[in-house]
Amino acid sequence: MSEVKLSAQLRDTFGKGSARQARRDALVPGVIYGHGTDPKHVNVEGHGLLLALRTPNVLISLDIAGGGTELVIPKAVQKHPLKRSISHVDFLIVKKGEKVTVDVPVVTEGELAPGGNLLETLLNTISVETEATHIPTEVTVSIAGLEAGATVHASDLVLPKGTTLAVDGETPVLQVVAPQAEEPAAEAAEGTEA
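As the structure is a prediction and not an experimental result, all values here were calculated from the model.

In terms of regular secondary structure, the protein chain is built from three helices and 13 strands. In terms of overall size, the protein chain is more extended than a compact globule, its C-alpha atoms giving a radius of gyration of 23 Å where 194 residues would be expected to give roughly 16 Å. Judged by the C-alpha coordinates and their principal axes, the protein chain covers about 80 × 50 × 25 Å. Within the protein chain, buried positions represent 34% of all 194 residues. If you average the places of the 16 positive and of the 25 negative side-chain charges in the protein chain, the two averages end up 18 Å apart.

Quick look at the structure:
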């Protein structure tokens, strides 16, 4: 995973008024914390951040004017409920070689066995522990030929090298269920009573 470079500036004013002013200036208020350091309050370029956050668990190199450079991952993103614009972001400081626990999307590939079976997704993401600079963008699982009653557990997922599960291996991720058929006898009985 490559780093996304964004510019930021330290904030010295707080509250709703300064946050609204930052958003009017196309900036997103945020806070950087981690590794026992004091939190740094920053304003980050809004458009670049919006594009960067399209990738889950993106690694961001923040170039802070007057504050050096920090390697971070987004920890919490708050969005406006109607506009869906980013209103605040929390960043976690990471170091190269450090292990972090993140949620990675689970993606399926292939077709189920014939017969009208249905795939039930129990977990959309899986919690993994991986190196901060090599966070996988997704975990792909093949469902080709699975029959009704089959279950894919967390331990069945093929993880990239250096990545381990942060959940119990017996946790079900996907299951294949048979289609539910309506009972024609019940419908026929209702029709004769009327």
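What follows is about the pairing of strand β5 (residues 68–79). The pairing of strand β4 (residues 60–65) with β5 spans five bridges and is classified as antiparallel. Counterpart to aspartate 63 in the pairing with β5 is threonine 69. Joining the antiparallel neighbours β4 and β5 is a turn of two residues, in which glycine 66 adopts a positive phi near 75 degrees. By the bridge criterion, seven bridges tie β5 to strand β6 (residues 86–93) in an arrangement that is antiparallel. By the bridge assignment, valine 72 is partnered in β6 with isoleucine 93. Between β5 and β6, which pair antiparallel one after the other, the connecting turn spans six residues, and arginine 84 there sits at a positive phi close to 65 degrees.

Glancing now at the sheet that holds strand β12 (residues 164–165). Strand order in the open sheet made by the four strands is β10-β7-β9-β12, with mixed pairing throughout. Single-partner strands in this sheet number two, and they are β10 (139–142) and β12. As judged from the two bridges shared by strand β9 (residues 125–131) and β12, these two strands associate in the antiparallel manner. Residue glutamate 129 lies in a different strand from β12, and its bridge partner there is threonine 164.

The next thing to look at is helix α1 (residues 16–24). Along α1, the residues classified as buried are Ser18, Ala19 and Ala22. The buried residues of α1 occupy an angular sector of 100 degrees when projected down its axis, which confines them to one face. For α1, the exposed residues lying more than 90 degrees away from the buried face are Lys16 and Arg24. With its phi angle positive at about 65 degrees, alanine 26 sits one or two positions after the end of α1.

Okay, the pattern of salt bridges next. Under the criterion given, the structure shown has one salt bridge. A salt bridge links lysine 40 to glutamate 70, with the nearest nitrogen and oxygen atoms 2.9 Å apart. Of this pair, lysine 40 sits in strand β3 (residues 37–45) while glutamate 70 sits in strand β5; the two residues are 30 residues apart in sequence, bridging distant segments of the chain. Classification of lysine 40 by relative accessible area gives partly exposed; the value is 26%.

Sheet architecture is open: three strands sit in the order β8-β13-β11, paired in antiparallel fashion. Two strands bound the open sheet, and with one partner strand each, they are β8 (118–121) and β11 (151–153). Averaged over neighbouring strand pairs, the angle between their axes works out to 15 degrees when direction is ignored. Looking at chain direction, β8 and strand β13 (residues 172–177) are connected through four bridges and run antiparallel. By the bridge assignment, leucine 118 is partnered in β13 with valine 177.

Let's shift gears to the nonpolar core. Counting 22 residues, the largest nonpolar core has Val94, Val102, Ile126, Leu157 and Val173 as its most contacted members. A total of four residues in this core trace back to one element, the largest contributor, which is strand β7 (residues 99–109). Excluding anything up to four places from it in sequence, leucine 157 contacts Ile126, Val139, Val141, Val152 and Val173. Leu6, Ile32, Val58 and Val72 belong to the second-largest nonpolar core, a separate cluster that totals 17 residues.

Rules used throughout
- Residues numbered from 1 in each chain as written.
- Predicted model: local features only at pLDDT ≥ 70, side-chain atom pairs only at ≥ 80, totals over all residues.
- Heavy atoms only, no water.
- Helix = DSSP H or I, 4+ residues; strand = E, 2+ residues; numbered from the N terminus.
- Rg over C-alpha atoms; globule rule 2.2 N^0.38 Å.
- Buried < 20%, exposed > 50% of the residue type's maximum accessible area, 1.4 Å probe, protein only.
- Lys, Arg positive; Asp, Glu negative; His and termini not counted.
- Charge placed at Lys NZ, Arg CZ, Asp CG, Glu CD.
- Pairing = 2+ DSSP bridges.
- Arc of directions from axis to C-beta.
- Salt bridge = Lys/Arg side-chain N within 4 Å of Asp/Glu carboxyl O.
- Axes fitted to C-alpha atoms, helices over the stretch in contact; angles between N-to-C directions.
- Core = buried A, V, L, I, M, F, W, Y, C linked by side-chain atoms within 4.5 Å.
- Contact = heavy atoms within 4.5 Å.

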